[in-house]
Amino acid sequence: DAVTEQFTACVDPDGCYTLEVSDSFGDGMCCEYGSGGYRAILDGSEVASGGDFDTPTDEKAFGNCDGGGGGGGDGELTSNKLVIDLKTDDYAGETSFWVRDTETGSRIFRRGKNSLNDSTSYEFVVDIDPDRCYELRIKDSYGDGICCSEGNGYLKARVGDVGVADFAEFETFEKAFFGNSCD
């Protein structure tokens, strides 16, 4: 049954926002079983839309997303390699993380739920432009983070010798911004 819903929210015009649309089956809202979709309008302009996605969650960033606090690193970034060290907890199927270019909103790297093994260490290397701004976000779908009740997981990220993220104890998600153009 087709249903159209409309939601209205008052937001700070200078803020950065992420519209997250979830589909529990993971086949999106369109097109195999209908023609569903979504769109977000800010000040009369469409800022996000979609419906055809093949993951449980589709996210679109919009607003003033050109920075926002560092990720814990001090100093200018000079390396073009982001190194992510991840150790999963006992329920790795709940964990997903990604790196997003804040200017374009595009995810340049991601690992989704069910692509990681329980209690396993990984190292991922991602090519970046240190003069851009990126968001690194980790999500735990159960809401208990990756440490410490169900294992001692963590995610640490660095660009060269500059630490940009250090996540372990959180609930649903944690994020950090890094790059020389982040405010």
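Participant: What is the right way to read the sheet that holds strand E7 (residues 81–87) from this model?
Facilitator: Backbone hydrogen bonds are what pair the strands of a sheet, in a parallel or an antiparallel way. Taken in spatial order, the 4 strands line up as E10-E7-E14-E15 in an open sheet, and their pairing is antiparallel. If you trace the sheet from one side to the other, it starts and ends with strand E10 (121–127) and strand E15 (162–167), each paired once. On average, adjacent strands in this sheet sit at an angle of 15° to one another, irrespective of strand direction. Here strand E14 (residues 154–159) pairs with E15 via 5 bridges, running antiparallel. Its bridge partner being in E15, Leu 155 is matched across the sheet by Phe 167.

Participant: I'm lost on the packing of aromatic side chains in this one. Help?
Facilitator: The relation between two aromatic rings is expressed through the spacing of the ring centres and the mutual angle of the planes. Following the criterion strictly, the structure yields 5 aromatic pairs and no others. Ring centres of Phe 97 and Phe 124 lie 5.5 Å apart, and the angle between their planes is 55°; this geometry places the pair in the tilted category. In this pair, Phe 97 is assigned in strand E8 (residues 95–101) and Phe 124 in strand E10, connecting sequence segments 27 residues apart. Residue Phe 97 shares its accessibility class with Phe 124, and that shared class is buried. Between the aromatic rings of Tyr 134 and Phe 178, the centroid separation amounts to 5.5 Å while the plane-to-plane angle is 25°, which identifies the pairing as stacked. Pair noted here: Tyr 134 is in strand E11 (residues 134–140) and Phe 178 is in strand E16 (residues 173–178), with a separation of 44 residues, a long-range link. The two residues Tyr 134 and Phe 178 agree in class, both being buried. The ring of Phe 173 carries Arg 137 above its face, with NZ or CZ at 4.5 Å from the centroid.

Participant: I tried to follow the nonpolar core on my own but got confused; where do I start?
Facilitator: Across soluble globular proteins, nonpolar side chains show a tendency to be buried alongside one another. Of all hydrophobic cores here, the largest spans 26 residues; its most connected members are Leu 82, Ile 84, Phe 97, Leu 136, Leu 155 and Phe 178. If you list the elements that add at least two residues to this core, you get E7, E8, E10, E11, E14, E15 and E16. Sort the elements by how many residues they give to this core and E15 lands first, with 4 residues. Leaving out residues up to four positions away in the same chain, Phe 178 has contacts with Leu 77, Leu 82, Val 99, Ile 128, Arg 132, Cys 133, Tyr 134, Leu 136, Val 159 and Val 164.

Participant: Quick question: what am I supposed to make of the sheet that holds E8 here?
Facilitator: Strands sit in the order E9-E8-E11-E16 across an open sheet of 4 strands; the sheet is antiparallel. The open sheet has two edge strands with one neighbour each: strand E9 (107–111) and E16. Averaged over all neighbouring strand pairs, the angle between strand axes comes to 10°, with direction disregarded. Pairing of E8 with E11 involves 7 bridges; the strand directions are antiparallel. Each residue of the ladder has a partner; that of Val 99, found in E11, is Leu 136.

Participant: It is not clear to me how unusual backbone geometry should be interpreted in this structure. Could you clarify?
Facilitator: A cis amide bond links Cys 147 with the next residue in sequence, Cys 148, at an omega value of 25°. Checked against the element boundaries, Cys 148 lands in strand E12 (residues 147–148). Not every positive phi belongs to a glycine, and Ser 119 is a case in point at roughly 45°. Note that Ser 119 resides in the loop between E9 and E10. For Ser 119, a relative accessible area of 41% puts it in the partly exposed group.

Participant: Looking at this model, I keep getting lost on the confidence of the model for the protein chain. Mind explaining?
Facilitator: Summing up the model confidence of the protein chain, the mean pLDDT is 81 and the portion of residues at 70 or higher is 74%. Within the model, the stretch residues 66–73 combines pLDDT values under 50 with 25 contacts to residues more than four positions away or in other chains.

Participant: Would you explain the state of the cysteines in this entry?
Facilitator: What makes a disulfide is a covalent bond joining the sulfur atoms belonging to two cysteines. Evaluation of the coordinates by the stated rule reveals 2 disulfides. The partner cysteine of Cys 133 in its disulfide is Cys 182, sulfur to sulfur 2.0 Å. Across the disulfide from Cys 133 to Cys 182, rotation about the S-S bond amounts to roughly 100°, and the bridge is consequently right-handed. Residue Cys 133 is located in the loop between E10 and E11, and its partner Cys 182 is located in the segment after E16; the two are separated by 49 residues in the primary sequence. Cys 182 matches Cys 133 in its accessibility class, with the two residues each being buried. Between the sulfur of Cys 147 and that of Cys 148 lies a disulfide, 1.9 Å long from S to S. The chirality of the disulfide connecting Cys 147 with Cys 148 is right-handed, given an S-S dihedral of about 75°. Taking the relative accessible area as the measure of exposure, Cys 148 reaches 40% and is therefore partly exposed.

What counts as what
- Residues numbered from 1 in each chain as written.
- Predicted model: local features only at pLDDT ≥ 70, side-chain atom pairs only at ≥ 80, totals over all residues.
- Heavy atoms only, no water.
- Pairing = 2+ DSSP bridges.
- Helix = DSSP H or I, 4+ residues; strand = E, 2+ residues; numbered from the N terminus.
- Axes fitted to C-alpha atoms, helices over the stretch in contact; angles between N-to-C directions.
- Phe/Tyr/Trp six-rings, centres within 6.5 Å; stacked < 30°, edge-to-face > 60°.
- Buried < 20%, exposed > 50% of the residue type's maximum accessible area, 1.4 Å probe, protein only.
- Lys NZ or Arg CZ within 6 Å of the ring centre and 35° of its normal.
- Core = buried A, V, L, I, M, F, W, Y, C linked by side-chain atoms within 4.5 Å.
- Contact = heavy atoms within 4.5 Å.
- pLDDT = per-residue confidence, 0-100.
- Disulfide = S-S within 2.5 Å.

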